[in-house]
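Commentary on secondary and tertiary structure
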Amino acid sequence: MDEFKAEAKKLSDMQNEYVMITSKKASEMCHDDFIRAEELNVQIKDETKVMAALAIQMAGYKKDAKGLWVAE
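In short, a report on the structure.

**Structural notes on the side chain of Glu47**
Considering the arrangement of structural elements, one finds Glu47 in helix α2 (residues 31-58). For Glu47, the residues in contact, after removing those within four places along its chain, are Glu7, Lys10, Leu11 and Met14.

In structure tokens, the structure reads:
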């Protein structure tokens, strides 16, 4: 559960930063804002996959030798 909470914190921090950057008017954003928003977008997608895997494990599933999720 500690790992799940740590990953959730990381994901929520990234999402908050993304919202803060993208809530600016386009005219207020600098080049670095656009770059950082794109980086965050990719990181959020990756972190969402990590969170999903942890949730599946918490629900009682594990990966078999083929990499498929199966009930424990």
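Next, the rest of the story.
**A look at the environment of Glu38**
Structurally, the position occupied by Glu38 is in helix α2. For Glu38, a relative accessible area of 48% gives the class partly exposed. Each C-alpha atom, one on Glu38 and one on Tyr18, is 8.9 Å from the other, the two residues being 20 residues apart in sequence.

**A look at the pattern of salt bridges**
According to the stated counting rule, one finds six salt bridges in the structure shown. Here Lys9 makes a salt bridge to Asp13, at a shortest N to O gap of 2.9 Å. With a gap of four residues between them, Lys9 and Asp13 both fall in helix α1 (residues 2-22), about one helical turn apart. In this structure, Asp33 engages Lys24 in a salt bridge whose closest nitrogen and oxygen atoms are separated by 3.0 Å. Given a relative accessible area of 12%, Asp33 falls into the buried group. On the basis of relative accessible area, Lys24 is assigned to the partly exposed category, the value being 34%. A single salt-bridge network, built from bridges that share partners, covers Glu7, Lys10 and Glu47.

**Focus: the nonpolar core**
The biggest cluster of nonpolar side chains holds eight residues, and these are Leu11, Met14, Ile21, Met29, Ala37, Leu40, Ile44 and Met51. Secondary-structure elements contributing two or more residues to this core are α1 and α2. If you tally residues by element for this core, the top one is α2, at four residues. Apart from the residues within four sequence positions on either side, Met51 is in contact with Phe4, Glu7, Ala8 and Leu11.

So, how was this worked out
- Residues numbered from 1 in each chain as written.
- Predicted model: local features only at pLDDT ≥ 70, side-chain atom pairs only at ≥ 80, totals over all residues.
- Heavy atoms only, no water.
- Helix = DSSP H or I, 4+ residues; strand = E, 2+ residues; numbered from the N terminus.
- Contact = heavy atoms within 4.5 Å.
- Buried < 20%, exposed > 50% of the residue type's maximum accessible area, 1.4 Å probe, protein only.
- Salt bridge = Lys/Arg side-chain N within 4 Å of Asp/Glu carboxyl O.
- Core = buried A, V, L, I, M, F, W, Y, C linked by side-chain atoms within 4.5 Å.

Purely geometric numbers; function is a separate question.
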